[in-house]
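For reference, the chains in residue letters:
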Amino acid sequence: MRSLLGELKHRLSPGNPLSSDKRDFDEFLEKFKRHRELMSDELHKVVVGQDDVIEQILAAIFTGGHCLLVGVPGLAKTLLVSTIARILDVDFKRIQFTPDLMPSDITGTHVLEETESGRRSFRFVHGPVFTNVLLADEINRTPPKTQAALLQAMQEREVTAGQETFQLPDPFFVIATQNPIEQEGTYPLPEAQLDRFMFNVKVDYPNLEEEERILSVTTRGERPEVRKVLSAKSIQFLQKQINQIEIPPIIITYVARLVRATRPSDSGAPKFVRELIDWGAGPRAGQYLIHGARAMAAMDGRPTISFDDVRRVAIPVLRHRISPNFQAQAEGLDSDSIIRRLLEEVAEPSIPKYQS
């Protein structure tokens, strides 16, 4: 059976007479959908439930985004990320963020070496950020100076040390975790860094059936083996091909209206937004809504984005990009509930009718 990467190169190569054929791209999407389902099956050998979390992480990976996982301890956040790295057959590193962690502990540092001839020179030793999948565990437990060391890596995908700049491996993803219940002695991420994360993924408690399965499976003392599904080169190629997913102009209009409706200062914002939100989402939110919707369409095997695709990613994209004010908190409303109401308020644009 031809590998996914081989199939892609064959079907989408310029020399292939069918490379521009819509049916050919539809066949690729169907094959990609099967690989995505295979990845989910492999993940569920290790992680019970968390379907939405897995879907959102995979969507970010297929579009080159970063994720922030927020959840209480013991919900398998670290296990999920490490298992994804095993399935993708990519390099994986974990950093446990602590108050004494220094920026050079993440990015790397110059060391002085002496050769056999007695000549001394500096050599840059790469830090753990030089990997494909980086797990930044409890990122809010380290000071802002160290948190900021990730900013350039996340946005520019490079590290500057002294007068040298080093490119990070491709693909490169940061998946950070954060504990929402222990805030004493922590350093909340600044908005500039939060905005670098494509998704803010909420990892919630399992339901009763899932918890019983967790207790049954994890107490046997066995560690299930997972198969490798995609290589780093396959992921790079997939990211390029997903950009071919069609974005109808009406979807662009809907995304722009949705993002602008989160801003209290915008004339088109609903009344409840002006009353409950201090500040809303910027243009990057719209970009990530489209990227995320593209991934959702591709994973479903569809060549065009739909309104439902945008709504599926709206909460993880927007929940860390709006700021509920004191009135919202007093009424017991959080970002998620406000976004859900916003999705109900912002109507889908109507398709214009053309007269012959």
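The rules behind these values
Along each chain, residue indices are assigned from 1 in the same order as the chain's sequence is written. Owing to the predicted nature of the model, reporting of local features is limited to residues with pLDDT of at least 70; listing and counting of side-chain atom pairs is limited to 80 or more, with chain, interface and lining totals taken over all residues. Only hydrogens and water are removed before side-chain values are computed, so all heavy atoms of the structure are retained for them. In DSSP terms, a helix is any run of H or I states spanning at least four residues, a strand is any run of E spanning at least two, and both are numbered starting from the N terminus. To get the radius of gyration, use the C-alpha atoms; to get the globule rule, take the number of residues to the power 0.38 and multiply by 2.2 Å. Partly exposed residues are those whose accessible area sits between 20% and 50% of the maximum for their type, while under 20% is buried and over 50% is exposed, using a 1.4 Å probe and protein chains only. Should any heavy atoms of two residues lie within 4.5 Å, those residues are considered in contact. By salt bridge we mean one thing: a side-chain nitrogen of Lys or Arg within 4 Å of a carboxyl oxygen of Asp or Glu. Classification of ring pairs rests on two measures: the distance between centres of Phe, Tyr or Trp rings, Trp counted by its six-membered ring, which must be within 6.5 Å, and the angle between planes, read as stacked under 30 degrees, edge-to-face over 60 and tilted in between. Our definition puts a charge over a ring when NZ of Lys or CZ of Arg is within 6 Å of the ring centre and also within 35 degrees of the ring normal. Only four residue types enter the tally: Lys and Arg on the positive side, Asp and Glu on the negative side; His and the chain ends are excluded. Per-residue confidence from the predictor is reported as pLDDT, a score between 0 and 100. For two strands to count as paired, DSSP must find a minimum of two bridges between them. Throughout, an axis means a line fitted to C-alpha atoms (over the contacting stretch in the case of helices), and angles, computed between N-to-C directions, take values from 0 to 180 degrees. Each residue after the first adds 1.5 Å to the expected span of a helix. The arc under discussion is defined with respect to the helix axis, by the directions toward the C-beta atoms. Definitions used for this entry: grid spacing 1 Å over protein atoms alone; cavity, a set of points where a 1.4 Å probe fits but cannot get out; pocket, an open set with protein on both sides within 12 Å along at least 5 of 7 lines; lining residue, one with an atom within 4 Å of a point. Grid points are joined across faces, edges and corners, and a volume is the space filled by probe spheres set on the points. In the scheme used here, Gly and all other residues not listed as nonpolar or charged are polar, with Ala, Val, Leu, Ile, Met, Phe, Trp, Tyr, Cys and Pro taken as nonpolar and Asp, Glu, Lys and Arg as charged. Throughout this description, any angle smaller than 35 degrees is read as roughly parallel, any larger than 145 degrees as roughly antiparallel, any in the 65 to 115 degree range as roughly perpendicular, and the remainder as oblique. Each crossing is labelled by how the near helix is turned from the far one, with a counterclockwise turn of less than a right angle marking it left-handed and a clockwise turn marking it right-handed.

On a plain count of helices and strands, the chain comes out with 16 helices and eleven strands. The C-alpha radius of gyration computed for the chain amounts to 22 Å, which stays within 12% of the reference 21 Å derived for 356 residues, consistent with globular compactness. Across its three principal directions, the C-alpha atoms of the chain cover 85 × 60 × 50 Å. The buried share among the 356 residues of the chain stands at 51%. Here the analysis covers contacts within the chain between residues at least 6 apart in sequence; of these, 75% occur between residues at least 24 apart.

The tally for this structure, following the rule as stated, stands at 19 salt bridges. For arginine 141, the salt bridge identified is with glutamate 138, shortest N-O distance 3.0 Å. Accessibility expressed as a relative area gives 18% for arginine 141, which makes it buried. A relative accessible area of 23% places glutamate 138 in the partly exposed class. Among the salt bridges present, the one from lysine 271 reaches glutamate 275, with a minimum N-O distance of 4.0 Å. With lysine 271 and glutamate 275 both in helix H12 (residues 271–276) and four residues apart, the pair spans about one turn of that helix.

It is worth spelling out the packing of aromatic side chains at this point. In the structure shown here, the tally under the stated rule is four aromatic pairs. For the ring pair tyrosine 254 and phenylalanine 307, a centre distance of 5.2 Å and an interplane angle of 85° mean the geometry is edge-to-face. Of the two residues, tyrosine 254 is situated in helix H11 (residues 249–260) and phenylalanine 307 in helix H14 (residues 307–318); the sequence distance between them amounts to 53 residues. In this structure an aromatic cluster arises from ring pairing among Phe124, Phe130 and Phe166. Positioned above the aromatic ring of phenylalanine 272, the side-chain terminus of arginine 341 is 4.1 Å from the ring centre.

Let's shift gears to the side chain of glutamate 210. Along the chain, the position of glutamate 210 falls in helix H9 (residues 208–218). Arginine 213 is the oppositely charged side chain nearest to the buried, salt-bridge-free glutamate 210, at an N-O distance of 5.9 Å. Ignoring anything within four residues of it in the chain, the contact list for glutamate 210 reads Val48, Gly49 and Gln50.

Next up on the list: the confidence of the model for the chain. Counting all residues, the mean pLDDT for the chain is 84, and 92% of those residues have values of 70 or more. Counted against residues more than four places away or in other chains, residues 11–19, with its pLDDT under 50, gives 15 contacts.

Spatially, S2-S5-S8-S1-S9 is the arrangement adopted by the five strands of the open sheet, whose pairing is parallel. On the outer flanks of this sheet lie strand S2 (92–96) and strand S9 (199–202), each paired with one strand and no other. Geometrically, the sheet is characterised by an average inter-axis angle of 20° between neighbouring strands, direction not taken into account. As judged from the five bridges shared by S2 and strand S5 (residues 133–137), these two strands associate in the parallel manner. By the bridge assignment for S5, lysine 93 is matched with leucine 134. Strand contacts of helix H4 (residues 77–88): strand S1 (67–70), S2, S5 and strand S8 (173–178), with the helix running at about 170° to S5, the strand carrying the most contacts.

The end-to-end C-alpha distance of H11 is 17 Å, a good match for the 16 Å that twelve residues give at a rise of 1.5 Å each. Among all positions of H11, only Ile250, Ile251, Tyr254, Val255, Leu258 and Val259 are buried. Relative to the axis of H11, the buried residues are bounded by an arc of 165° and lie together on one face.

Before going further, it helps to examine the layout of surface pockets. Of the voids in this model, the largest pocket is the one considered here, and its volume is about 750 Å³. For the largest pocket, the lining is made up of 29 residues, of which Val70, Gln178, Pro180, Asn200 and Arg319 are closest to its centre. Counting residues per element, the ones that place at least two in the lining of the largest pocket are S1, helix H8 (191–194), S9, strand S11 (323–324) and helix H16 (335–345). Looking at the lining of the largest pocket residue by residue, the class counts come to 14 nonpolar, nine polar and six charged. The calculated volume of the second largest pocket comes to roughly 360 Å³. The wall of the second largest pocket is formed by 19 residues, among which Thr63, Gly64, Gly65, Arg157 and His291 lie closest to the centre. Contributing elements (two or more residues each) for the lining of the second largest pocket: helix H7 (149–156), helix H10 (232–242) and helix H13 (283–299). Taken together, the residues of the lining of the second largest pocket sort by class into five nonpolar, ten polar and four charged.

Another aspect to go through is the packing of H11 against H14. Running from N to C, H11 and H14 point in directions that differ by 30°, and their axes come no closer than 10 Å. With respect to H14, the element H11 is oriented roughly parallel. Between H11 and H14 the crossing geometry is right-handed. Facing Ile250, Ile251, Tyr254, Val255 and Leu258 of H11, the residues of H14 in contact are Phe307, Val310, Arg311 and Ala314. Across the contact of H11 with H14, the residue classes break down as eight nonpolar, no polar and one charged.

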